[in-house]
Amino acid sequence: MASAVEQKTAFNLGLPLAVIIVGGWATVHIYSVFAHNLSAPIWQTVGLIALQCWLYTGVFIVAHDTMHGSLAPGRPKLNAIIGTSVLFVYAGFNWRKMREAHHAHHDYSGTEDDPDFNAANPRAFWPWYAKFFLTYFGWPQVLILVGFTVAYILLGASYLNTIVMWAVPAILSSMQLFYFGTYLTHRHAEDFPDEHNARTNEFSYLASLFSCFHFGYHHEHHLYPHEPWWRLPTRKRERIT
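Residues numbered from 1 in each chain as written. Predicted model: local features only at pLDDT ≥ 70, side-chain atom pairs only at ≥ 80, totals over all residues. Heavy atoms only, no water.

Caption draft 1: Region of interest: the packing of helix 2 (residues 42–67) against helix 7 (residues 159–186). In the contact formed by helix 2 and helix 7, the axes pass within 8 Å of each other and the chain directions differ by 55 degrees. Considering the angle they form, helix 2 stands oblique to helix 7. Between helix 2 and helix 7 lies a crossing of right-handed hand. For the pair formed by helix 2 and helix 7, the contact residues are Thr45, Leu48, Ile49, Gln52, Cys53, Trp54, Tyr56, Thr57, Phe60 and Ile61 on the first element and Val164, Met165, Trp166, Val168, Pro169, Ala170, Leu172, Ser173, Gln176 and Leu177 on the second. Of the residues belonging to the contact of helix 2 with helix 7, the class tally is 15 nonpolar, five polar and no charged. (Axes fitted to C-alpha atoms, helices over the stretch in contact; angles between N-to-C directions. Helix = DSSP H or I, 4+ residues; strand = E, 2+ residues; numbered from the N terminus. Parallel < 35°, antiparallel > 145°, perpendicular 65-115°, else oblique. Left-handed = near helix turned anticlockwise from the far one by under 90°. Contact = heavy atoms within 4.5 Å. Nonpolar A, V, L, I, M, F, W, Y, C, P; charged D, E, K, R; others polar.)

Caption draft 2: View of unusual backbone geometry. Although it is not a glycine, Phe213 adopts a positive phi angle of roughly 50 degrees. Position of Phe213 among the secondary structure elements: in the loop between helix 8 (205–212) and helix 9 (218–223). The phi angle at His214 is positive, at roughly 70 degrees, despite the residue not being glycine. Secondary-structure assignment places His214 in the loop between helix 8 and helix 9. Note on His214: relative accessible area 0%, which makes it buried. (Buried < 20%, exposed > 50% of the residue type's maximum accessible area, 1.4 Å probe, protein only.)

Caption draft 3: Layout of the confidence of the model for the protein. Chain-level pLDDT for the protein is 93 on average; 95% of the residues reach the 70-or-more range. When mean pLDDT is compared element by element in the protein, helix 2 scores highest at 97, while helix 1 (residues 4–34) scores lowest at 85. (pLDDT = per-residue confidence, 0-100.)

Caption draft 4: Highlighting the nonpolar core. With 46 residues, the main nonpolar core has Leu87, Tyr90, Phe93, Met98, Phe178 and Trp229 as its most contacted residues. At the level of secondary structure, the elements contributing two or more residues to this core comprise helix 1, helix 2, helix 3 (76–91), helix 4 (95–107), helix 5 (125–136), helix 6 (139–154), helix 7 and helix 8. With residues up to four places along the chain from it excluded, the contact list for Phe93 reads Leu87, Phe88, Met98, Tyr136, Phe137 and Gln141. (Core = buried A, V, L, I, M, F, W, Y, C linked by side-chain atoms within 4.5 Å.)

Caption draft 5: Local environment of the layout of surface pockets. Taken as a whole, the largest pocket holds about 720 Å³ of empty space. What lines the largest pocket is a set of 33 residues, among which Tyr90, Ala91, Phe93, Phe133 and Ser174 lie closest to the centre. Listed by contribution, the elements that provide at least two residues to the lining of the largest pocket are helix 2, helix 3, helix 4, helix 5, helix 6 and helix 7. Per element, the largest residue contribution to the lining of the largest pocket is eleven residues, and it comes from helix 7. (1 Å grid on protein atoms, 1.4 Å probe; cavity = no way out; pocket = protein on both sides within 12 Å on 5 of 7 lines; lining within 4 Å. Points joined across faces, edges and corners; volume = space filled by probe spheres on them.)

Caption draft 6: Highlighting the packing of helix 2 against helix 4. Closest axis-to-axis distance for the helix 2/helix 4 pair is 10 Å, and the angle between their directions is 75 degrees. Judged by the angle between their axes, helix 2 and helix 4 are roughly perpendicular. Between helix 2 and helix 4, the contacting residues are Phe60, Ala63, His64, Thr66 and Met67 on the first element and Trp95, Met98, Arg99, His102 and His103 on the second. For the contact of helix 2 with helix 4, the per-class residue count stands at five nonpolar, four polar and one charged.

Caption draft 7: Broad picture of the state of the cysteines. Scanning the model with the defined rule gives zero disulfides in all. Summary of cysteine pairing: Cys212 is not part of a disulfide, and the nearest cysteine sulfur, belonging to Cys53, is at 9.9 Å. You can call Cys212 buried: its relative accessible area is 0%. (Disulfide = S-S within 2.5 Å.)

Here it is, written out as structure tokens:
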């Protein structure tokens, strides 16, 4: 477990980082959906989609840390409130159900009982991604997102903007999270270092940050699930030195 000093540091740094990530995503998202003109130069549209995709990934990582209690150590109610709010806005997800599934992933990592693993296709990307997507995305999420879409249009967003500047980056971010944080780290391509059935993407600090907010340092995450995302590079350095 983390020491008292580490927990205090995590609390002091984790919340400001979460505010920056979620606030940054909200700002870019609102501008993209309500103000961006799709007739603008294509690089602007692609840039906004890419930026939203990355920030969407960060928003989910913030919610992920609440599931482990590492966003606000020692504050379970605050973690629950933030996680519930963030995941609902992210894609209409139920935080408590997703937390149960994520802890099952840690308890049964890389086995048939792991909800994030595809034992039938432990190497194939698309069948695994389809299972992963359908495990968490069902009719409740569809109805919630339809409600968001209607609200956006009533508030003045164009239908095309809601598709191009909201749906597209949201779907791409789910693929980004899956590819760097689940598929590469748990696929049966080579031996795993231990019973956690997880490996670490050997990316540089910046590549790790921009690919998946260090979630690709996945062996470290399984070894130290109480650690927030921004401390995983430290754990990786400790492991290799």
